[in-house]
Amino acid sequence: LTYGALPPGVTDRELVIARYEPSRGIWAPLPSTTDTAAKNVSARLDHLSLYQVMALRPASALSGAVITVYPNPLYSSRGQTMKFTGLPALAEVTIYTFRGDKVRSVTAGGGGMAVWDGKNSGGSFAASGVYLALIKAGGDTKTVKLMVER
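Let us look at the structure shown here.

**Section: the overall build of the protein chain**
Alright, step 1. Along its length, the protein chain carries zero helices and 13 strands.
Alright, step 2. Reading the secondary structure of the protein chain in the N-to-C direction produces β-β-β-β-β-β-β-β-β-β-β-β-β.
Alright, step 3. For 150 residues, the compact-globule estimate of 2.2 N^0.38 gives 15 Å, and the C-alpha radius of gyration of the protein chain, at 16 Å, lies within 12% of that figure.
Alright, step 4. The principal-axis extents of the C-alpha atoms in the protein chain amount to approximately 50 × 35 × 30 Å.
Alright, step 5. Taking all 150 residues of the protein chain together, 33% fall into the buried category.
Alright, step 6. Intrachain contacts of the protein chain at a sequence separation of at least 6 include 52% that bridge at least 24 residues.
Alright, step 7. On the protein chain, roughly 8200 Å² of surface is accessible, and the fraction owed to carbon and sulfur atoms is 52%.

Here you go:
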């Protein structure tokens, strides 16, 4: 999607494409790429829906941040990726099994969104089950419970 002049205070790196999810009543940001020279934002779309370009602002700090994780559960066999939004820029998200084994780490981009493809560090899809995501930013930590269904 092509965009024109940005509103005051909005930067190119904050732009994402979002899909409207009527069942939840929210705009769900998608992993997006911005070409500032062409003034173009692109994302992989997985079905016909209502989309818009929007600014995704990172949280200023982890404490007090409203973190959204979706889809939860993650169905990796359907090609889904799990998104963590509302994070501070460059926050680190580390996924662990309930036994405490590290599965994978991902880092939030400038807009405060991190994306996990459902794979472990070796590149294989994580097994079905319950996982914990430890989120770290600026000396603060939060833990979120995740589900994976293959």
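**Observations regarding the sheet that holds strand S8 (residues 82–85)**
Alright, step 1. Spatial strand order, S6-S8-S11: three strands in an open sheet with antiparallel pairing. Each edge of the sheet is formed by a strand with only one pairing partner; in this case those strands are strand S6 (68–70) and strand S11 (114–116). The average undirected angle you get between the axes of adjacent strands in this sheet is 15°.
Alright, step 2. Across three bridges, S6 lies against S8 in antiparallel orientation. Looking at S8, one finds that Thr68 is bridged to Thr85.

**Comments concerning the pattern of salt bridges**
Alright, step 1. Within this structure, the stated rule accounts for four salt bridges.
Alright, step 2. Of the charged contacts, one joins Glu14 and Arg57 as a salt bridge, the two residues approaching to 3.0 Å between their closest N and O atoms. Taken as a pair, Glu14 in the segment before strand S1 (15–21) and Arg57 in the loop between strand S5 (51–55) and S6 lie far apart in primary sequence, 43 residues in all.
Alright, step 3. Here Glu21 makes a salt bridge to Arg19, at a shortest N to O gap of 3.2 Å. With respect to burial, Glu21 and Arg19 carry one shared label: buried.

**Quick look at the pairing of strand S9 (residues 92–97)**
Alright, step 1. Here five bridges tie S9 to strand S10 (residues 102–107), and the two strands are oriented antiparallel to one another. In the sheet register, Glu92 faces S10, and the bridge partner there is Thr107.
Alright, step 2. In this structure, the hairpin formed by S9 and S10 is closed by a connection of four residues, where Gly100 is found at a positive phi of approximately 100°.

**Some words on the packing of aromatic side chains**
Alright, step 1. In this structure the tally under the stated criterion is two aromatic pairs.
Alright, step 2. Considering the side-chain rings of Tyr20 and Trp27, the 5.2 Å spacing of their centres and the 55° angle between planes classify their relative orientation as tilted.
Alright, step 3. Judged by its relative accessible area of 29%, Tyr20 falls in the partly exposed class.
Alright, step 4. Taking NZ or CZ as reference, Arg78 lies 4.1 Å from the ring centre of Tyr75, over its face.

**Some remarks on the nonpolar core**
Alright, step 1. Judged by nonpolar contacts, the single largest core of 22 residues is most densely connected at Phe84, Leu87, Val93, Ile95, Trp116 and Leu146.
Alright, step 2. The element that contributes the greatest number of residues to this core is strand S12 (residues 129–137), accounting for four residues.
Alright, step 3. Residues in contact with Phe84, not counting those within four places in the same chain, are Thr68, Val69, Val93, Gly112, Met113, Ala114, Trp116, Ala133 and Leu146.
Alright, step 4. Membership of the second largest hydrophobic core comes to seven residues, among which are Tyr3, Ile17, Leu30 and Val41.

**Let's talk about the sheet that holds S5**
Either a parallel or an antiparallel arrangement is found when strands of a sheet pair, and the pairing is made through backbone hydrogen bonds.
Alright, step 1. One open sheet holds the three strands; their spatial order is S2-S1-S5, and the pairing between them is antiparallel. Edge strands, defined here as strands with exactly one partner in the open sheet, are strand S2 (26–29) and S5. Going across the sheet, the axis of each strand differs from the next one's by a mean of 45°, ignoring polarity.

About the cut-offs
Residues numbered from 1 in each chain as written. Predicted model: local features only at pLDDT ≥ 70, side-chain atom pairs only at ≥ 80, totals over all residues. Heavy atoms only, no water. Helix = DSSP H or I, 4+ residues; strand = E, 2+ residues; numbered from the N terminus. Rg over C-alpha atoms; globule rule 2.2 N^0.38 Å. Buried < 20%, exposed > 50% of the residue type's maximum accessible area, 1.4 Å probe, protein only. Contact = heavy atoms within 4.5 Å. Areas by Shrake-Rupley, 256 points an atom, 1.4 Å probe, with all protein chains shown as cover. Pairing = 2+ DSSP bridges. Axes fitted to C-alpha atoms, helices over the stretch in contact; angles between N-to-C directions. Salt bridge = Lys/Arg side-chain N within 4 Å of Asp/Glu carboxyl O. Phe/Tyr/Trp six-rings, centres within 6.5 Å; stacked < 30°, edge-to-face > 60°. Lys NZ or Arg CZ within 6 Å of the ring centre and 35° of its normal. Core = buried A, V, L, I, M, F, W, Y, C linked by side-chain atoms within 4.5 Å.

In short, geometric facts, not functional conclusions.
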